[in-house]
Amino acid sequence: MPPSIHPVDLISALRQKHLTPAIVFLTSRRACDEAMEAFDHANFVLPTVRQEAIAKALEQVMAQHPSIAEHPMIPIVQRIGVAAHHAGHLPSWKIAIEELMRQGHLDAVFATTTLAAGVDFPARTVVITQSSIRKSRDFTDLTAGEVQQIAGRAGRRGKDHVGFAVITPSPYIDLSVLTKGLTGQPEAIDSQFTISYPMVLNLLKAHPHEHIQGILAKSFAQFQLNQRAEVLEQKLDVLHSKMEPFGPRVCTDWITQWHTFDHARRHRHTRHPTYRAEPPEIAARLPFLTPGRVVGFNRGRGIVLRQYRSKGQRNSMLTVLRPESAVTECPVTSIREIYDRTYDCPETSAYPWCSTDTFDRLSHQLEELPLRLPLLPILVATDGEPLPDAIVQSLEDFPCPTCPSRSACHKDFLTASRLRQEQHRHTKSIQALRTSLWHRFQERVEVLQKFGYLTLTTQLTAEGEWARLIRIDHSLLITELIRAEAFTGADPSLIAGILASLAHDDDRPGAFPRISPGLSSLLGQVRKLAESLSPYEDPPLLRADVAALVERWVADPTLTWIGLCKLTTMAEGDIYRLLARTLEYLSQVQTLNATHPGLADTAAQAITAIRRGVLEELP
Amino acid sequence: MTTDELEKLLAQQPVAVLHRLARGRVHRHFRAGKRRLIELLLQHSSQNRAGFESDLLTLIGERQANPPSESSRRPGAPPIPHKKVVTKATDSDPSDPPVSLTEWLQGIGVPTPQPFVQDPWQIEALAAVNETDVVISVPTGSGKTYVAIEAARRAMEDNRSVIYTSPLKALSNTKYAEFSKIFGQDKVGILTGDRQENGQAPLLVMTTEILRNLLYDAASGQIDVRLDTLGLVILDESQYLADPERGVVWEETIIFCPSQARLLLLSASIGNPQDIADWLTSIRTTPCRLVRHSKRTVPLRAGYLHPNGRLTPLFRTLGIPQGHPSHLHPEAKHLFIEYEEETLPSGRPRR
């Protein structure tokens, strides 16, 4: 048995059960075309009456859209009453098929799933052959909403009593996805709010900076974030009531107090290091050699940056800041004097063991020290007992051991501290949810300031005034190209080519043998700029083949549509869409006629040059 | 987590968890076995290890939070007897005999033409759109366009201008042609990225991006007379709000829509139309009305066509058993299992 039903058998089966007209949803354009080819050798011919009806209906469409007159699919569609309809076709051909379907002349249409979202022409039956669709290179399962959108095409109002959704399996189909989709509720939709550069410029043009936060708060994104924040707030309320028994005790913040105490108690052993083989007079000095302490050597003075122990050294070691910003390592034994003078020196974990600011300040202070400094009298312990660690609190400093609520604290600490951590976490997330949009807006503002579209007071600069009119994808790249004068003096065809490579976001392979040197060098320039802008904006695909194709179409007015299609492996529909999108980009550039009259003029020329043949005939 | 640890963790999970992980990641084959599924998942996880692990951990967390329901419980654990009785009592469905093919195919055909009667939801929506913003969420093919046309007609009779937007240029063109036929060529105009006709007409069809741009220009002081007399904005296919690339345009349009204009959002069935309505209420001057229903105008039946040409109903019931995806027709189930067995690549263990 074949992995999936043969298209001819499928249509025959549907016909026999009176389930036509039907829309058969297939995985890819190729699958649609192959399904049509399958009819080539089949004994599958419509009665003459119906063939004539199709021809007549097609003639009517042809009157409006002459470009389909020569369409290679016309004979087969007439013969079998089945057609393919996908994004690879010209819009005019798709309109023709839709019209045939609406008038009820066709038995079936092979379509890709993208159709389900687009143009609506219903049928009696939809046939589903797959449970996943290709979304940006990867296959993902259909959502319930998508399954229902597909099934929604079944059953024509006023023409059918019932609609049918027929599932026929193909390899890798997952039946449960489809049955769940058919029987389930459609998914909730989520906001996809993003903040783009033109949005920032347009908002700041119309509203003062301090009003923007209020405007962003009106978005559906913020509405949904608030919903999530409210859930967290409810959780927080619950936590608050749970925290009630753990309110203030003898100490107000007993959780932190107990935490420190517990920590100190557990780590007591490591905090009091083992006895070291250091003479008492050296050991007595150690507690004083803390970061920031001024010490004297045989020659000159220094400021301690850190104290550490090193494996190769018998004694504790010091890192010392010496005059002229020199940093030296020396054993504590080399210290002659310890002065009664310390500077503020917060320790950091890496060389030079304090922040650069502190380092500069300390070097400065070291130079400025007076000649004489008071010495620090150091008492040497007489017995061998180690001195208590001066920096760390000892257990005796805690009130806890003798506190009346000690046992209660001990018992409740784990629960209370877990609750409190949760509280902190929720509070932080709520804050993030409330302010994330605003932060994203601010990030964009900073980038625009950096590139000079906004002043430091978030007013639009002269550049920003015109840049806000470019409201398409890759707007930053386009405005930067205009500022870099990349388009100055370029032909309409060059500009159209570059904008085409910016506009085209499809990665289906295409081939185009020759590319003009001018376009190729300009494209190189654009690539370089796009790369340098990549931290701020996702770079476009910048395909050379689509650029060359559009350049050719604009530059050579004698080129026919068929000639253009022969130049590339791209499908007709894709070429059409490419040119239509290029038109859109060009018309955005054309709006800059006040500030860039030359460029706008070239763009206008390119627009008129593109609009010919098939592109003129269609809206 | 190392690959070995991950593999071990995956192996400890029940197959259901693995299938949920596999969703949207790999092609899972329900009869391919756990081993193979883990292999595929590991292969996939090399691309985005962190994301994969965090998903796995959430799933495990969820599972621990709500322990698996009765149906997926292991055979060793005895089901709670009284609960089973209750489910049986409420679910009398599976005990009914499944629908037969002839029954299923009955009723095919063209209904006799009937005079057009407004659906109750259409009356409700049209009454509401006079007073306030309206969100409509109904299944595909319920007659949303009728509401759009009637609402536009009424607004134009009051000398208010109307803007109708759709997400696709092709759709805009179709609607332009359709509206021109109804209201007359001079009453309708179109503005898309590459087409501008009759731009001062009282009813303008455009893509949503164009309306967004108009609203931005108006906000920054470029006066557009069309926006002053604007009485109604119809946003068709509003479920595009969730489109990853273009959804933001719908939000911008709604945020900046002039307050004197009524908004009419037409959308296919979505899961949370109430959220959209609440959102509109929170940012617009009048409370938004939600009109929704999930019943299709033309009822739907689902079938299963086996590659050998055999057709059976897909579900036990004639219509779609809402909320019961497992109520499959025994024959369809049998045929599909057979199909999976046949197409199973060789060398895999069969259960």
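Residues numbered from 1 in each chain as written. Chains lettered and ligands numbered in written order. Predicted model: local features only at pLDDT ≥ 70, side-chain atom pairs only at ≥ 80, totals over all residues. Heavy atoms only, no water.

The next point concerns the overall build of chain A. When helices and strands are counted, chain A shows 24 helices and 12 strands. Here the C-alpha coordinates of chain A stretch approximately 120 × 65 × 50 Å along the principal axes. A buried classification covers 49% of the 619 residues belonging to chain A. Taking contacts inside chain A between residues at least 6 apart in sequence as the whole, the part at least 24 apart equals 73%. Averaging the locations of the 66 positively and 68 negatively charged side chains of chain A gives two centres separated by 4 Å. (Helix = DSSP H or I, 4+ residues; strand = E, 2+ residues; numbered from the N terminus. Buried < 20%, exposed > 50% of the residue type's maximum accessible area, 1.4 Å probe, protein only. Contact = heavy atoms within 4.5 Å. Lys, Arg positive; Asp, Glu negative; His and termini not counted. Charge placed at Lys NZ, Arg CZ, Asp CG, Glu CD.)

Our next topic: the pattern of salt bridges. Residue and element names in this part refer to chain A. According to the stated counting rule, one finds 27 salt bridges over all chains in the structure shown. Put simply, arginine 29 and aspartate 574 hold a salt bridge, and the shortest N to O gap is 2.6 Å. You can see arginine 29 sitting in helix α2 (residues 29–37) and its partner aspartate 574 sitting in helix α22 (residues 572–590), a full 545 residues away along the chain. Each of the two residues, arginine 29 as well as aspartate 574, counts as buried. Glutamate 463 is paired through a salt bridge with arginine 483; the nearest N and O atoms lie 3.2 Å apart. Of the two residues, glutamate 463 sits in helix α16 (residues 462–467) while arginine 483 sits in helix α17 (residues 475–483), which places them 20 residues apart along the sequence. Given the relative accessible area of 30%, arginine 483 is considered partly exposed. (Salt bridge = Lys/Arg side-chain N within 4 Å of Asp/Glu carboxyl O.)

Our next topic: the interface of chain A and chain B. At the interface, 86 residues of chain A touch 87 residues of chain B. Scanning the region where chain A abuts chain B turns up three salt bridges. Here chain A and chain B share 24 residue pairs in polar contact (both at pLDDT 80 or more) between them. Listed by contribution, the elements that provide at least two residues to the side of chain A that touches chain B are α1 (7–16), β6 (138–141), α6 (144–151), β7 (163–167), α7 (175–183), α8 (197–206), α10 (220–243) and α22 of chain A. Here the side of chain A that touches chain B gets seven residues from one element, more than from any other, and that element is α7 of chain A. (Polar contact = N/O pair within 3.5 Å; in protein donor to acceptor, adjacent residues only side chain to side chain.)

Burial analysis of β7 of chain A places five of its five residues in the buried class, which makes it a mostly covered element. Neither face of β7 of chain A is open: one carries Gly163, Ala165 and Ile167 of chain A, the other Phe164 and Val166 of chain A, and all of them are buried. Taken together, the four bridges between strand β4 (residues 125–128) of chain A and β7 of chain A define a ladder with parallel strand orientation. Residue pairing in the sheet places isoleucine 128 of chain A in a bridge with isoleucine 167 of chain A of β7 of chain A. The pairing of β7 of chain A with strand β9 (residues 300–305) of chain B spans five bridges and is parallel. Bridged to alanine 165 of chain A within β9 of chain B is alanine 302 of chain B. (Pairing = 2+ DSSP bridges.)

Our next topic: unusual backbone geometry. Between threonine 20 of chain A and proline 21 of chain A the backbone carries a cis peptide bond, its omega angle lying at 0 degrees. Considering the arrangement of structural elements, one finds proline 21 of chain A in the loop between α1 and β1 (22–26). For glutamate 237 of chain B, which is not glycine, the phi dihedral falls at a positive 50 degrees. Summarising the element assignment, glutamate 237 of chain B is placed in the loop between β6 (230–235) and α12 (247–256).

This part takes up the side chain of aspartate 236 of chain B. All names here are of chain B. With respect to the helices and strands, the residue aspartate 236 is situated in the loop between β6 and α12. Nearest to the buried, unbridged aspartate 236 among oppositely charged side chains is lysine 175, at 4.6 Å. The residues contacting aspartate 236, other than those within four sequence positions of it, are Tyr164, Thr165, Ser166, Pro167, Lys175, Trp250 and Leu266.

In this section: the confidence of the model for chain A. Residues and elements named next belong to chain A. The share of residues in chain A with pLDDT of 70 or more is 93%, and the mean pLDDT across the chain is 87. For chain A, the element scoring lowest by mean pLDDT is helix α12 (residues 268–271), at 57; α17 scores highest, at 95. Scored below 50 in pLDDT, residues 386–392 shows nine contacts in the model against residues more than four places distant or in partner chains. (pLDDT = per-residue confidence, 0-100.)

Nonpolar side chains tend to gather and get buried jointly when the protein is soluble and globular. Core analysis: the largest hydrophobic core is formed by 140 residues, its most contacted members being Phe441, Trp561, Leu564, Leu579 and Leu586 of chain A together with Ile276 of chain B. Ranked by residues supplied to this core, first place goes to helix α15 (residues 406–450) of chain A with 12 residues. If near-sequence neighbours (up to four positions away) are discounted, leucine 579 of chain A is found in contact with Val550, Trp553, Trp561, Leu564, Ile610 and Leu615 of chain A. Of all hydrophobic cores here, the second largest spans 77 residues; its members include Leu46 and Ile97 of chain A together with Leu311 and Ile320 of chain B. (Core = buried A, V, L, I, M, F, W, Y, C linked by side-chain atoms within 4.5 Å.)

On to the domain arrangement of chain B. Along its sequence, chain B is carved into domain 1 (3–70), domain 2 (120–292) and domain 3 (299–351). On a C-alpha basis, the centres of domain 1 of chain B and domain 2 of chain B stand 44 Å from each other. (Domains from an automatic or database assignment.)

This part covers the sheet that holds strand β2 (residues 82–85) of chain A. Adjacent strands of a sheet pair through backbone hydrogen bonds, lying either parallel or antiparallel. Taken in spatial order, the seven strands make up an open sheet running β2(A)-β3(A)-β1(A)-β4(A)-β7(A)-β9(B)-β10(B), and their pairing is mixed. The open sheet has two free edges, formed respectively by β2 of chain A together with β10 (311–313) of chain B, since each of these has just one partner strand. Each strand axis lies, on average, 25 degrees off the axis of its neighbour in the sheet, ignoring direction. Contacting β1, β2 and β3 (108–112) of chain A, α2 of chain A runs over the sheet at an angle of about 155 degrees to β3 of chain A. Where helix α5 (residues 91–102) of chain A meets the sheet, it contacts β1, β2 and β3 of chain A, and its direction lies at approximately 135 degrees from that of β2 of chain A. (Axes fitted to C-alpha atoms, helices over the stretch in contact; angles between N-to-C directions.)

Across all of its chains, the model carries 16 aromatic pairs over all chains by this definition. For the pair tyrosine 216 of chain B and phenylalanine 256 of chain B, a centre-to-centre distance of 5.3 Å together with 50 degrees between the ring planes defines the contact as tilted. Linking tyrosine 216 of chain B in helix α10 (residues 208–219) with phenylalanine 256 of chain B in helix α12, this pair joins segments that are 40 residues apart in sequence. Of the two residues, tyrosine 216 of chain B and phenylalanine 256 of chain B, neither departs from the other in class, the shared state being buried. When the ring centre of phenylalanine 297 of chain A is taken as origin, the NZ or CZ atom of arginine 322 of chain A, which lies over that ring, is 4.2 Å away. The ring centre of tyrosine 453 of chain A lies 4.7 Å from the NZ or CZ of arginine 483 of chain A, which sits over that ring. (Phe/Tyr/Trp six-rings, centres within 6.5 Å; stacked < 30°, edge-to-face > 60°. Lys NZ or Arg CZ within 6 Å of the ring centre and 35° of its normal.)

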